[in-house]
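Descriptive analysis of the structure
For reference, the chains in residue letters:
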Amino acid sequence: MPTRRFLLLGALSLAACASTPPMPAGPTTPLTLDQAFVGRQTGRGVFRIYLTGAERRFTARLNGRLSRQGTRLTVVEDFTYDDGEENRLTWVFDRNGPGRWTGRREDTVGMATVIEENGSIRLAYTADFMSPSGVNRLGFADIIYRTADGLIVNDAVVSRSGFPVGSVRFEIGG
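To keep things clear, this report deals only with the structure shown in the data block. (Residues numbered from 1 in each chain as written. Predicted model: local features only at pLDDT ≥ 70, side-chain atom pairs only at ≥ 80, totals over all residues. Heavy atoms only, no water.)

**Some remarks on the environment of Met130**
Take Met130: it is sitting in strand β8 (residues 120–131). A relative accessible area of 66% means that Met130 is categorised as exposed. Considering only alpha carbons, one finds Met130 and Asp107, 23 residues apart in sequence, at a separation of 9.7 Å. (Helix = DSSP H or I, 4+ residues; strand = E, 2+ residues; numbered from the N terminus. Buried < 20%, exposed > 50% of the residue type's maximum accessible area, 1.4 Å probe, protein only.)

Structure, rendered in structure tokens:
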């Protein structure tokens, strides 16, 4: 029993260290939040649960528009999951200065923070998701970047109560 407890604590400690996605390994081209999400686009994604290996795949149609002043970005996301479920969520981001934004969506708890740095975008937020067992509060730590061939990639680590429980990979265009 003590060995199992040690292994579990060790695994949880390692998982806690992996709470943000790593920077992309290959070459990228600079990207800002408005460059990534203004206009109509479609992407494919997958949500993976670490413990079980279960996956949930989805397609998202995005429609983003920037205010005339360039200070507010609104992105409507229409999700269609492979099991037929559909969902619409809308992000509203406000520019707070060079390379800095805050945002909200219908399911977020508090404000999301966005930092554009080194040609990529870091997005962090907490959201409440409905499941058959009730509401699950999940944390998201995303990195969004553009590959050399033009593909926009959003990699996220999903956590619950501070421990990584899954990941999301979403790819647009290319």
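**Details of the nonpolar core**
Taken as a class, soluble globular proteins show a tendency for nonpolar side chains to be buried jointly. Leu33, Phe37 and Phe93 are the most contacted members of the largest nonpolar core, which has 30 residues in total. Beyond its immediate stretch of four places on either side in the chain, Phe37 contacts Leu62, Gly64, Leu73, Val75, Ile144 and Ile172. (Core = buried A, V, L, I, M, F, W, Y, C linked by side-chain atoms within 4.5 Å. Contact = heavy atoms within 4.5 Å.)

**Things to note about the environment of Gly166**
Counting through the fold element by element, Gly166 comes out in strand β11 (residues 163–172). A relative accessible area of 0% means that Gly166 is categorised as buried. Between the alpha carbons of Gly166 and Gly53 there is a distance of 8.9 Å; along the sequence they are 113 residues apart. Ignoring sequence-local partners within four residues, the contact set of Gly166 consists of Arg48, Ile49, Tyr50, Ala156, Val157 and Val158.

**Quick word on the environment of Asp128**
By the secondary structure assignment, Asp128 is in strand β8. Sequence separation between Asp128 and Glu106 is 22 residues, and the spatial gap between their C-alpha atoms is 9.3 Å. The residues touching Asp128, leaving out its near neighbours within four places in the chain, are Asp107, Val109, Val135, Asn136 and Arg137.

**Here's the deal with the pairing of strand β9 (residues 134–147)**
Residues in a regular strand project their side chains so that they alternate between the two faces of the sheet. Across the 14 residues that make up β9, a large majority, ten, are buried. The pairing of strand β1 (residues 28–29) with β9 spans two bridges and is antiparallel. Paired with Thr29 across the bridge in β9 is Arg146. With eleven bridges connecting them, β8 and β9 associate as antiparallel partners. Across the sheet, Thr126 pairs through a bridge with Gly139, a residue of β9. (Pairing = 2+ DSSP bridges.)

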